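A look at the structure
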2 protein chains.
Amino acid sequence: MAQKPSIPKGTRDFSPIEMVRRNYIIDTVKSVFQLYGYLPIETPAMENLSTLTGKYGEEGDRLLFKILNSGNFLNKIPNAKIQNPKANEIVNYISEKGLRFDLTVPFARYVVQHRNDITFPFKRYQIQPVWRADRPQKGRYREFFQCDVDVIGSHSLLNEVELIQIINDVFNKLQINNVIKINNRKVLYGIAEYIGETEKFTDITVAVDKLDKIGIEKVKEELSACGLSKKAIDRLQQILIFKGTNEEKIIFLDKMLENTETGKNGMDEIKAVFDYLNMLSIFTKMEFDLTLARGLDYYTGAIIEVIAKDVRIGSICGGGRYDDLTGIFGLPDVSGVGVSFGADRIYDVMMEKNLFPEETLSTTQVLFINFGKEEEKYCLHQVGKLRAAGINTEIFPEAAKLKKQLNYANNKKIPFVVLVGENEMKENVLTVKDMNSGQQTKMTVNELKFRM
Amino acid sequence: MAQKPSIPKGTRDFSPIEMVRRNYIIDTVKSVFQLYGYLPIETPAMENLSTLTGKYGEEGDRLLFKILNSGNFLNKIPNAKIQNPKANEIVNYISEKGLRFDLTVPFARYVVQHRNDITFPFKRYQIQPVWRADRPQKGRYREFFQCDVDVIGSHSLLNEVELIQIINDVFNKLQINNVIKINNRKVLYGIAEYIGETEKFTDITVAVDKLDKIGIEKVKEELSACGLSKKAIDRLQQILIFKGTNEEKIIFLDKMLENTETGKNGMDEIKAVFDYLNMLSIFTKMEFDLTLARGLDYYTGAIIEVIAKDVRIGSICGGGRYDDLTGIFGLPDVSGVGVSFGADRIYDVMMEKNLFPEETLSTTQVLFINFGKEEEKYCLHQVGKLRAAGINTEIFPEAAKLKKQLNYANNKKIPFVVLVGENEMKENVLTVKDMNSGQQTKMTVNELKFRM
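Residues numbered from 1 in each chain as written. Chains lettered and ligands numbered in written order. Predicted model: local features only at pLDDT ≥ 70, side-chain atom pairs only at ≥ 80, totals over all residues. Heavy atoms only, no water.

The pair of chain copies shares a relation made of a rotation about an axis and a shift along it. For the pair chain B and chain A, the relating rotation is 180°, the translation along its axis is 0.0 Å, and the fit reaches an RMSD of 0.0 Å. In symmetry terms, the pair is related by a two-fold rotation axis. Minimal C-alpha separation from the rotation axis in chain B is found for Ile67(B), amounting to 2.3 Å. When the interface residues of chain B are mapped onto chain A, 100% of them again lie at the interface, so the same face is used by both copies. (Least-squares fit on C-alpha atoms with pLDDT ≥ 70 in both. Contact = heavy atoms within 4.5 Å.)

Shown next as structure tokens:
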């Protein structure tokens, strides 16, 4: 009967000390979001597959966790399909729900569904796990927490700027060295126009997005396989390998994209955002990265990604503007922009760089040793008095050996232990042992209260 | 392209005001758990089906949400099964993971997996959503939050008592009128012994568990269908319909179960717990309920359930002792006991009884009106100063009509609005409008800081 228990690969348990650390990150992020006026929402773990599919590209669709329909899930499959079943056809008959893949699409769905109750521009944050059937590796989990902050219902570039301020504040507070990369989908489209391959725009963004992982030669191969001409690929490479300061990149692209309407538009946006950031003294943190593409289909304007310096773990925060996402759900012309902090990768970076403050488990402050039934009764009343005063207090549940009970206190880092025997009960006092100094002192329960 | 968006039935979105209310419940529960020395853990949403199945009875297994295997999920199905597929056979080949059904089984799995890092008795709390493919109805959702508190690795009945103290504290703080029902699986087993039907013990608990919902006649029918003799059913009915005080019930059962070893054992436990509760003045809140059975398979001792008075919504908290749960995962002799607070039903009760304190969204305190590019630049610096002082501050992202911006402040209940035009910039002051009184005052940004 005894199985060796395990959890699905790519998932993790969080023990008390890990909870304290993760909450440190989440509380920091949350406090900054609130400082900028964002309000919390939560959405269900499961969404209808019709909400999720087609929003994350082909690759994303493949990585969705799908929920098997309840009951006799076979009875919607047409007989003809049963004879020679193919997974990609059958799936639509046996699954209608999936686990959310990110928080942006559920947010867009939420906005459309609740549009009559929302005051626009709507600034919301959302901190929940998401699930992706990705191959697990360092910094990549199948269940991980995203901390999203979005504003929807405003085209103003000030929103992009505010999100970059938020990013800057969060990572300053967490003391993580970082670079904030920015690009713009319109600039990328301008580049596609410039190389004469606008019809291949999605293929280009998907391939360029992999540049960091697979290198320029593989990207070129992939583009070639997609049908891009050698000439177009060469022109694109010239852009991708361009090195220079942000200002040099702007001059380079301004000239190159001067005849592409969308491209010029994108450059105007980039420059406007940089102007603000210059004024706010955040400009030096920024890197205009011409190779930044981001794989998700829904981005239409600015795209942002944050990289931790000196730790190879991929991006720790990313996002961008999406003009049409609510349109898919029936509410057009509501542009949004947002970024998502990856709590789990931030956790890994902070562990590697030893950035967590001294860990303080919000644990027990006083443990009463249990010497037997008579003492227990007496102690239960004293324990109640301490708890009523808001002092986290335990009584050991049984009269185990003293050594075991003291070990319990040590392992749980409980600073004070109370010993009550016959004498203490007679005198109506407690013997309080300071577990750090080892010193024992007799005092009343009221005196102990004042000590805490 | 436009679909009407919706979410899966039995699930809900939480808007900002609902988040504030739910957090009020969760923070209350958490603070009591900590007062008693419990530490937080979290486990993954997905568990291996081998961990979940067989722990919740047949009905429970049916209500598990199962995750479809990734990739070509058909290729593990033997050819013979494909020809004439049956859902209950096929499911094992296409699904290996499920969403957690409760927090107790994942906790037992966690304890076994991490046993070498745990100090026993281990007191943990866990607040996470669980999922059940139940028919949605009032107070019953397919995704809902459980707030679990368990102690594992101690047989002491003091743990049962402590959990009842916790229940009492939580519902006092939330001001919910309640009855705490208690019974004991050993007493139920004694009753099965008394009526000569110990082999049908599981059938009896499952049927008795439904008494509230389907009534005594249906329960009797069900027991009869399970093969219980008429005589046994009649003797059982005599017990189920017994009315009296807790003391009267104890006398009644003591006599009845005097020749059943397990039953006597159960009665001793009940009486010991009542002795403690008497001493702690919680006894009057308790109801010894001979019909309380609880549907879950893993309970072996005390079972507990809390009902809100005057609100028909089912139990708002429940649990019990489980002696063998970690044994299933390979770690025998580690008894545990715990209860689970249903955050969503508690939410519904508090809404119905109007028990939430005045809602305070932790929202924006100051909104800067946006009059155009020049003013915006000036304001951004002032906004930064307020935020640096920890004051939640927004600037409207574009120079919309004043009325629209003031409406935004009103809808978001922002108490102060700042207006900065040419004059203010010249004088380096802010015009601050108190949105409650309507009064406008000129002051410097430092003066505004001190006001907040």
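For any pair of aromatic rings, the description consists of the separation of the ring centres together with the inter-plane angle of the planes. Residues and elements named next belong to chain B. A full pass over the atoms with the stated rule returns 32 aromatic pairs over all chains. Relative to Phe-101, the ring of Tyr-56 lies with its centre 4.3 Å away and its plane at 40°, an arrangement referred to as tilted. Linking Tyr-56 in the loop between helix H2 (49-52) and helix H3 (57-62) with Phe-101 in the loop between strand E4 (95-99) and helix H6 (104-113), this pair joins segments that are 45 residues apart in sequence. Take Tyr-56 and Phe-101: they sit in the same class, and that class is buried. An angle of 75° between the planes, with centres 4.9 Å apart, marks the rings of Phe-274 and Phe-283 as edge-to-face. Relative accessible area serves as the criterion here: at 4%, Phe-274 is assigned to the buried category. (Phe/Tyr/Trp six-rings, centres within 6.5 Å; stacked < 30°, edge-to-face > 60°. Helix = DSSP H or I, 4+ residues; strand = E, 2+ residues; numbered from the N terminus. Buried < 20%, exposed > 50% of the residue type's maximum accessible area, 1.4 Å probe, protein only.)

Let's shift gears to the sheet that holds strand E7 (residues 178-184) of chain B. Residue and element names in this part refer to chain B. Reading across the sheet, the eight strands line up as E1-E5-E6-E11-E10-E9-E7-E8 and stay open at both edges, with mixed pairing between neighbours. At either margin of the open sheet sits one strand with a lone partner, and together these are strand E1 (39-40) and strand E8 (286-288). Strand direction decides the pairing type here: E1 and strand E5 (residues 122-131), joined by two bridges, are parallel. Paired with Pro-40 across the bridge in E5 is Tyr-125. In the packing of helix H13 (residues 261-279) onto the sheet, contacts are made with E7, E8 and strand E9 (302-308), and the angle to E7 comes to roughly 150°. (Pairing = 2+ DSSP bridges. Axes fitted to C-alpha atoms, helices over the stretch in contact; angles between N-to-C directions.)

With that settled, consider the packing of helix H10 (residues 211-225) of chain A against helix H11 (residues 230-240) of chain A. All names here are of chain A. Packing of H10 against H11 leaves a shortest axis separation of 11 Å and a crossing angle of 150°. When the axes of H10 and H11 are compared, the crossing they make is right-handed. On H11, the residues touching Ile-216, Lys-220, Leu-223 and Ser-224 of H10 are Ile-233, Leu-236, Gln-237 and Leu-240. Of the residues in the contact of H10 with H11, the class split is five nonpolar, two polar and one charged. (Left-handed = near helix turned anticlockwise from the far one by under 90°. Nonpolar A, V, L, I, M, F, W, Y, C, P; charged D, E, K, R; others polar.)

It is worth spelling out the packing of helix H8 (residues 185-194) of chain B against H13(B) at this point. Each pair of packed helices gets described by two things: the angle between the helix axes and the distance between those axes. All names here are of chain B. The N-to-C vectors of H8 and H13 enclose an angle of 150°; their axes lie 7 Å apart at closest approach. Taken together, H8 and H13 sit at an angle that is classed as roughly antiparallel. Considering only the axes of H8 and H13, their crossing is left-handed. For the pair H8 and H13, the contacting residues are Lys-186, Val-187, Tyr-189, Gly-190 and Glu-193 in the first and Glu-261, Thr-262, Gly-263, Asn-265, Gly-266, Met-267, Glu-269 and Ile-270 in the second. Looking at the contact of H8 with H13 residue by residue, the classes come out as four nonpolar, five polar and four charged. (Parallel < 35°, antiparallel > 145°, perpendicular 65-115°, else oblique.)

Take the sheet that holds strand E12 (residues 366-368) of chain A next. Residue and element names in this part refer to chain A. Taken together, five strands build an open sheet; the order of strands is E13-E12-E14-E15-E16 and the sheet is mixed. Pairing within the sheet leaves two strands with one partner each, and these edge strands are strand E13 (393-395) and strand E16 (440-443). Strand-to-strand twist in this sheet, taken as the mean axis angle between neighbours without regard to direction, amounts to 25°. For E12 and E13, the ladder comprises three bridges, and the chain directions are parallel. Within the sheet, the bridge partner assigned to Phe-368 lies in E13 and is Ile-395.

Take the environment of Ser229(A) next. Residues and elements named next belong to chain A. By the element assignment, Ser-229 lies in the loop between H10 and H11. Of the residues examined, Ser-229 reaches a relative accessible area of 34% and is grouped as partly exposed. The spacing of Ser-229 and Glu-197 is 32 residues in sequence and 8.6 Å in space, taken between C-alpha atoms. At a separation of 3.0 Å, a polar atom in the side chain of Ser-229 contacts the main-chain amide nitrogen of Ala-232. (Polar contact = N/O pair within 3.5 Å; in protein donor to acceptor, adjacent residues only side chain to side chain.)

Bringing the nonpolar core into the picture now. One finds Ile166(B), Phe171(B), Leu253(B) and Phe341(B) to be the most contacted residues of the largest nonpolar core, which totals 123 residues. Looking at which element gives the most residues to this core, the answer is helix H7 (residues 158-174) of chain B, with nine residues. Sequence-distant contacts of Ile166(B), defined by excluding residues within four places in its chain, comprise Val32(B), Phe33(B), Tyr36(B), Tyr38(B), Val149(B) and Phe341(B). Formed by 122 residues, the second largest nonpolar core is a distinct cluster that contains Leu64(A), Ile152(A), Ile282(A) and Tyr378(B). (Core = buried A, V, L, I, M, F, W, Y, C linked by side-chain atoms within 4.5 Å.)

Quick look at unusual backbone geometry now. Looking along the chain, the bond that leaves Phe120(A) and enters Pro121(A) is cis, with omega of -10°. Looking at the secondary structure, you find Pro121(A) in the loop between helix H6 (104-113) and strand E5 (122-131). Positive phi outside glycine occurs at Lys413(B), with the angle close to 55°. Within the secondary structure, Lys413(B) sits in the loop between helix H17 (402-411) and strand E14 (416-419). Located in the positive-phi region is Asn428(B), a residue other than glycine, with phi close to 55°.

Further remarks concern the interface of chain B and chain A. Listed per partner, the contact involves 101 residues of chain B and 101 residues of chain A. For the chain B and chain A pair, buried surface summed over both sides reaches about 8,600 Å², with 61% attributable to carbon and sulfur atoms. Among the residues of chain B in contact with chain A, Leu35(B), Glu42(B) and Arg387(B) are the three that bury the most area, contributing 7% of the side total. The interface formed by chain B and chain A contains eight salt bridges. Between Glu42(B) and Arg22(A) there is a salt bridge, with the nearest N and O atoms lying 2.8 Å from each other. (Buried area = accessible area lost by both parts, 1.4 Å probe. Salt bridge = Lys/Arg side-chain N within 4 Å of Asp/Glu carboxyl O.)

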